[in-house]
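Structural features, examined
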Amino acid sequence: MHQKFEFQYQQFQESTALETTDQELLEAARKATENAYAPYSNFWVGAAARLSNNQIIIGANQESASYPVGVCAERALLNSVGSQFPKLSIISMAISYHPVGKDSKEPISPCGMCRQSLLDFENRYAAPIKIILAGLQGPVMIIDSASYLLPFGFDGKILK
Ligand code: THU
């Protein structure tokens, strides 16, 4: 029998259409692109998470001379939150990017490894993470749970 997986997401023309708390988080992610260390790709990525106590924490991609060692903004942020605030869950995460010398007008979406880490975080706290995706300008996508981005993801239940 054929089965179907589908999910809904929201699309906004620009960030001013978002609710204030999401606008604030996206602005923090856009600003966080300035903290990227990306001398090899020149692709600066910024991420910002709103924690369950409403605090905003940021992350940015950190590249390595040994390329595969580099870490994306999303996982830099998740690992920092998990290390510094292990008792707090993440309510939402905004992700933006600044490709040096190029336009940043369309949303980007997290890589596969980051999707796994996001799913791990959702499962760890049994709380969905709202994902807000946008360039420095232009349309914004909102996805209500990171799990939608990783259908049939490995959640580790079988390891127990
Ligand atoms: N990158 C991120 O930080 N997040 C993404 O969602 C996509 C890619 C980084 C990894 C690398 O430093 C650079 O962007 C180019 O791939």
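Fair warning: this is a prediction, and the values are worked out from it, not measured in the lab. (Residues numbered from 1 in each chain as written. Predicted model: local features only at pLDDT ≥ 70, side-chain atom pairs only at ≥ 80, totals over all residues. Heavy atoms only, no water.)

1. Observations regarding the site of the ligand
Rule in force here: Near residues are defined by distance, with any heavy atom within 4 Å of the molecule or strand qualifying the residue. Pairs of N or O atoms are called polar contacts if they sit within 3.5 Å, as long as, within protein, a hydrogen donor faces a hydrogen acceptor (for residues adjacent in sequence, only side-chain-to-side-chain pairs). Accessibility throughout is a Shrake-Rupley quantity obtained with a 1.4 Å probe, and a residue counts as covered only by protein chains that appear here. Three residue categories are used. Nonpolar comprises Ala, Val, Leu, Ile, Met, Phe, Trp, Tyr, Cys and Pro, charged comprises Asp, Glu, Lys and Arg, and polar comprises the others, including Gly.
Close to the ligand lie S41, F43, V45, N61, E63, C72, A73, E74, S109, P110 and C111. The contact in question runs from an oxygen atom of the ligand to an N or O atom on the backbone of A73, over 2.8 Å. One of the side-chain N or O atoms of E74 is found 2.6 Å from an oxygen atom in the ligand. When the free accessible area of the ligand is taken as 370 Å², the share hidden by the protein chains comes to 75%. Classifying every residue of the shell around the ligand gives six nonpolar, three polar and two charged.

2. With respect to unusual backbone geometry
For residues other than glycine, phi is negative in most cases, and the peptide bonds are mostly trans. Here is the rule: Numbering of helices and strands starts at the N terminus; helices are DSSP runs of H or I of at least 4 residues and strands are runs of E of at least 2.
If you check the backbone angles, N54 has positive phi at about 80° while not being a glycine. Within the secondary structure layout, N54 lies in the loop between strand 2 (43-51) and strand 3 (56-60). In this model, F152 sits at a positive phi of 60°, which is unusual for a non-glycine residue. Here F152 is to be found in the segment after strand 6 (140-143).

3. Looking at the sheet that holds strand 3
As a reminder, the rule being used: For two strands to be treated as a pair, DSSP must find no fewer than two bridges joining them. Every axis corresponds to a line fitted to the C-alpha atoms, with the helix fit spanning only the stretch in contact, and the corresponding angles, defined between N-to-C directions, vary from 0 to 180 degrees.
Within the open sheet, the six strands sit side by side as 1-6-5-4-2-3. Their pairing is mixed. The sheet terminates laterally at strand 1 (9-12) and strand 3, the two strands that pair on one side only. This sheet shows a mean twist of 15° between the axes of neighbouring strands, independent of strand direction. Bridging between strand 4 (residues 90-99) and strand 5 (residues 130-134) involves four bridges; their strand directions are parallel. The partner of A94 across the bridge, within strand 5, is I132.

4. Here we look at the pairing of strand 4
This is how the line gets drawn: Whether a residue is buried, partly exposed or exposed follows from its accessible area with a 1.4 Å probe, protein chains only, as a fraction of its type maximum: under 20%, in between, or over 50%, in that order. If the strands point away from the viewer and the path from the first strand over the helix to the second runs clockwise, then the crossover is right-handed.
Counting buried positions along strand 4 gives eight out of ten residues, so the element sits mostly inside the fold. The pairing of strand 2 with strand 4 spans nine bridges and is antiparallel. Within strand 4, the residue paired with R50 across the bridge is S92. With respect to chirality, the unit in which strand 4 leads through helix 3 (residues 112-125) into the neighbouring parallel strand 5 is right-handed.

5. Section: the side chain of S145
Just so we agree on the cut-off: Throughout, a residue-residue contact means that at least one pair of heavy atoms, one from each residue, lies within 4.5 Å.
You can see S145 is positioned in the segment after strand 6. In this structure S145 touches E122, P128 and I129, once residues within four positions along its chain are discounted.

6. Section: the packing of aromatic side chains
To be explicit about the condition: To pair, rings of Phe, Tyr and Trp, with the six-membered ring standing in for Trp, must have centres within 6.5 Å; the planes then decide the type, stacked if under 30 degrees apart, edge-to-face if over 60, and tilted in the middle.
Within the structure shown, the criterion is met by six aromatic pairs. Between Y40 and Y67, the aromatic rings sit 5.3 Å apart at their centres with planes inclined by 40°, giving tilted as the arrangement. With Y40 in the loop between helix 1 (20-32) and strand 2 and Y67 in the loop between strand 3 and helix 2 (73-84), this residue pair connects regions lying 27 residues apart in the sequence. For Y40, a relative accessible area of 39% puts it in the partly exposed group.

7. Observations regarding the nonpolar core
Counted only if it meets this: As used here, the term nonpolar core means buried Ala, Val, Leu, Ile, Met, Phe, Trp, Tyr and Cys residues forming a set that is joined through side-chain atoms within 4.5 Å.
Counting residues in hydrophobic clusters, the biggest one holds 25 residues, and the most contacted among them are L51, I90, M93 and I131. Mapped onto this core, the elements with two or more residues apiece are strand 2, helix 2, strand 4, helix 3 and strand 5. Setting aside anything within four residues of it in sequence, one finds M93 in contact with L25, A47, A48, A49, E74, L77, L78, L118, I129, K130, I131 and I132. Listed in part, the twelve residues of the second largest apolar core include A29, A94, A134 and V140.

8. Some points on the pairing of strand 2
The element strand 2 is largely enclosed, with a buried count of seven among its nine residues. Direction of pairing for strand 2 relative to strand 3: antiparallel, over a ladder of five bridges. The partner of A49 across the bridge, within strand 3, is I57. The turn joining strand 2 and strand 3, which pair antiparallel and follow one another in sequence, is formed by four residues; a positive phi near 80° is taken by N54.

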